[in-house]
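Listed below, chain by chain, are the residues.
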Amino acid sequence: MTNRRQYDYTIGDRVAERPKAHGLLTKYADVRERLQQYRSQRYGTVVGINIKPNKSGAKLKFLLIRWDHLKTPTEHAQMRICPADQLQRLQSEGYGFEVE
């Protein structure tokens, strides 16, 4: 098994967060509303790429992304991001969900 990346990103690429599992349940409406604000799908554009070492010295790629609903960019690990045009395929394959 190799450690080959699924996607290589460049500045200007349109990206989305990888699908999240939506199995959080609560009986309290106020808690449900607070959780819902963090469950929406985000889309954005890559504006920078940083490489940082982890604790053991391996180099990890972090993407600086300007989300459509935010004015300032935020940094995210590459493994949590997918190309915007691949999002539908990941969701149809059950990524982030229990598949039987």
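None of the values given here were measured: they were computed from a predicted structure.

Rules used in this analysis
- Residues numbered from 1 in each chain as written.
- Predicted model: local features only at pLDDT ≥ 70, side-chain atom pairs only at ≥ 80, totals over all residues.
- Heavy atoms only, no water.
- Helix = DSSP H or I, 4+ residues; strand = E, 2+ residues; numbered from the N terminus.
- Buried < 20%, exposed > 50% of the residue type's maximum accessible area, 1.4 Å probe, protein only.
- Contact = heavy atoms within 4.5 Å.
- Areas by Shrake-Rupley, 256 points an atom, 1.4 Å probe, with all protein chains shown as cover.
- Phe/Tyr/Trp six-rings, centres within 6.5 Å; stacked < 30°, edge-to-face > 60°.
- Lys NZ or Arg CZ within 6 Å of the ring centre and 35° of its normal.
- Pairing = 2+ DSSP bridges.
- Axes fitted to C-alpha atoms, helices over the stretch in contact; angles between N-to-C directions.
- Core = buried A, V, L, I, M, F, W, Y, C linked by side-chain atoms within 4.5 Å.
- Polar contact = N/O pair within 3.5 Å; in protein donor to acceptor, adjacent residues only side chain to side chain.

J.: Please explain the overall build of the protein chain as it appears in this structure.
T.: From N to C terminus, the protein chain includes two helices and five strands. Going through the 100 residues of the protein chain one by one, you find that 23% of them count as buried. In the protein chain, the share of contacts with a sequence separation of at least 24, taken over all contacts with a separation of at least 6, comes to 57%. Carbon and sulfur atoms form 53% of the exposed surface of the protein chain, whose accessible area is close to 7700 Å².

J.: I tried to follow the packing of aromatic side chains on my own but got confused; where do I start?
T.: Here a ring pair, both rings aromatic, is described through the centre-centre distance and the interplanar angle of the planes. What the rule picks out here adds up to one aromatic pair. Above the ring of F62, the side-chain terminus of K52 is found at 5.3 Å from the ring centroid.

J.: Would you take a moment to explain the sheet that holds strand 2 (residues 43-53) for this structure?
T.: The sheet built from five strands is open, its strands ordered 4-3-2-1-5 with antiparallel pairing. The open sheet has two edge strands, strand 4 (74-77) and strand 5 (81-83), and neither has a second partner. Neighbour-to-neighbour, the strand axes of the sheet open up by a mean angle of 45 degrees, direction not taken into account. The sheet contact formed by strand 1 (residues 14-17) and strand 5 spans three bridges and is antiparallel. If you follow E17 over to strand 5, its bridge partner there is I81.

J.: It is not clear to me how the nonpolar core should be interpreted in this structure. Could you clarify?
T.: Here is a general trend for soluble globular proteins: nonpolar side chains tend to be buried in one another's company. Grouped together as the largest cluster of nonpolar side chains are 12 residues: Y7, Y9, V15, A16, V46, L63, I65, W67, I81, C82, L87 and L90. Elements supplying a minimum of two residues to this core: strand 1, strand 3 (59-67), strand 5 and helix 2 (87-92). Dropping the residues within four chain positions of it, Y9 is found in contact with V15, I49, L63, Q78, I81, C82 and P83.

J.: Explain the environment of D13 to me, please; I cannot follow it from the model alone.
T.: Among the secondary structure elements, D13 is positioned in the segment before strand 1. Distance from D13 to T45, taken between C-alpha atoms, is 5.6 Å for residues 32 residues apart in sequence. Apart from the residues lying within four places of it in its own chain, the contact partners of D13 are D8, G44, T45 and V46. A distance of 2.8 Å separates a polar atom in the side chain of D13 from the backbone nitrogen of T10.

J.: In this structure, what is going on with the side chain of H76? I would like to understand it.
T.: Position of H76 among the secondary structure elements: in strand 4. For H76, a relative accessible area of 17% translates into the label buried. When residues no more than four places from it in sequence are discounted, the contact partners of H76 are R42, F62, L63, I65, W67 and I81.

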